[in-house]
Amino acid sequence: EFIRGGIVEKVKVPVELTFKNLGDSIVQPLKSPQDCLINADLRLFGRAEQLHIGLSALLEYHEKHLGLPQLNNEEQAKEVLEIAKKQNEERKKNGAFFVEKLEEEVVLNIARFSNAQVTTVCSFFGGVAAQEGFKIVGKYTPIQQWLHYDCFESLPASKGVNRKLLNGRYDDLIAVYGQEIVAKLADLKILMIGAGALG
């Protein structure tokens, strides 16, 4: 009969995870109808679903034209939007993954800026990919299928932004934020300390 003292050992029971292939998960990203996509920003509930439909349309555009839309090309962005609308309606009829109301501006932004490489966003996804790589040892639970992330709320609010490219190293930043913000960043006098690999 146990009275006191002793050693307790926690035994972690292995959990087997299964994942869909890319083709299947594009059409039906959820394992069951009760599931939902990971929402990176809880202020924007349902945004992950909108981004998934936009990404699916962008992939179809890429397959058709063998490339992404040009930066801020409105005609090509509208073509991606039409693909998204068509896909969403087809999925609604077939019982696949769809959204009730497509947020057109989200899909247009995906298309407008899909060809841009913004350093901070690339760093974020690089960090996520590195963390997922560590999870192969089995200590942590990996992301289930999809993580959609956007920062469209950081775009300039005014419509009169000068996004004319200058054929320089900051063209991707100009395409997203405009020449005015890039000029302000260039004029800043900042010394950054502690921005190394370990924080």
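Sequence order as written defines residue numbering, which begins from 1 separately in each chain. This being a predicted model, a pLDDT of at least 70 is required before a residue's local features are given, and a value of 80 or more before pairs of side-chain atoms are given or counted; all residues contribute to the totals for chains, interfaces and linings. Note that water and hydrogens are dropped before the side-chain values are worked out from all heavy atoms of the structure.

(A) Structural view of the pattern of salt bridges. Here a salt bridge means any side-chain nitrogen of Lys or Arg lying within 4 Å of a carboxyl oxygen belonging to Asp or Glu. Scanning all chains against the criterion turns up 11 salt bridges. Taking the shortest distance from any N to any O, the salt bridge between Lys86 and Glu60 comes out at 3.2 Å. Highlighted residues: Lys86 in helix α3 (residues 74–94) and Glu60 in helix α2 (residues 47–65), separated in sequence by 26 residues. Buried residues are those whose accessible area, probed at 1.4 Å on protein chains only, stays under 20% of the maximum for their type, while exposed residues exceed 50% and partly exposed ones sit between those limits. For Glu60, a relative accessible area of 29% corresponds to the partly exposed category. A salt bridge links Glu82 to Lys85, with the nearest nitrogen and oxygen atoms 3.7 Å apart. Placement of both Glu82 and Lys85 in helix α3 is noted, with a separation of 3 residues, approximately one turn of the helix. Residue classification places Glu82 among the partly exposed positions, given a relative accessible area of 47%. Here the residues in one salt-bridge network are Asp41, Arg43 and Glu153, joined through shared partners. Counting from the N terminus, the helices are the DSSP runs of H or I reaching at least four residues and the strands are the DSSP runs of E reaching at least two.

(B) Region of interest: the environment of Asp41. Its location among the elements puts Asp41 in the loop between β1 (38–39) and α2. Residue class for Asp41 comes out buried when judged on its relative accessible area of 19%. Definition of a polar contact: a pair of N or O atoms within 3.5 Å, with one able to donate and the other able to accept a hydrogen when the atoms are protein atoms, and with sequence-neighbouring residues admitted only if both atoms are side-chain atoms. Looking at Asp41, its side chain comes within polar contact range of the side chain of Arg43, at 2.7 Å.

(C) How the structure looks around the packing of aromatic side chains. Think of it this way: a Phe, Tyr or Trp ring, Trp meaning its six-membered ring, pairs with another when their centres are within 6.5 Å, and the plane angle makes it stacked under 30 degrees, edge-to-face over 60, tilted otherwise. Inspection of the entire model under this criterion finds 3 aromatic pairs. Between Phe124 and Phe125, the ring centres sit 5.2 Å apart and the planes meet at 75 degrees, which makes this aromatic pair edge-to-face. Judged by its relative accessible area of 33%, Phe125 is partly exposed. Centre to centre, the rings of Phe124 and Tyr149 are 4.5 Å apart; their planes meet at 35 degrees, and the pair counts as tilted. Taken as a pair, Phe124 in helix α5 (residues 119–134) and Tyr149 in the loop between β2 (147–148) and α6 (171–177) lie far apart in primary sequence, 25 residues in all.

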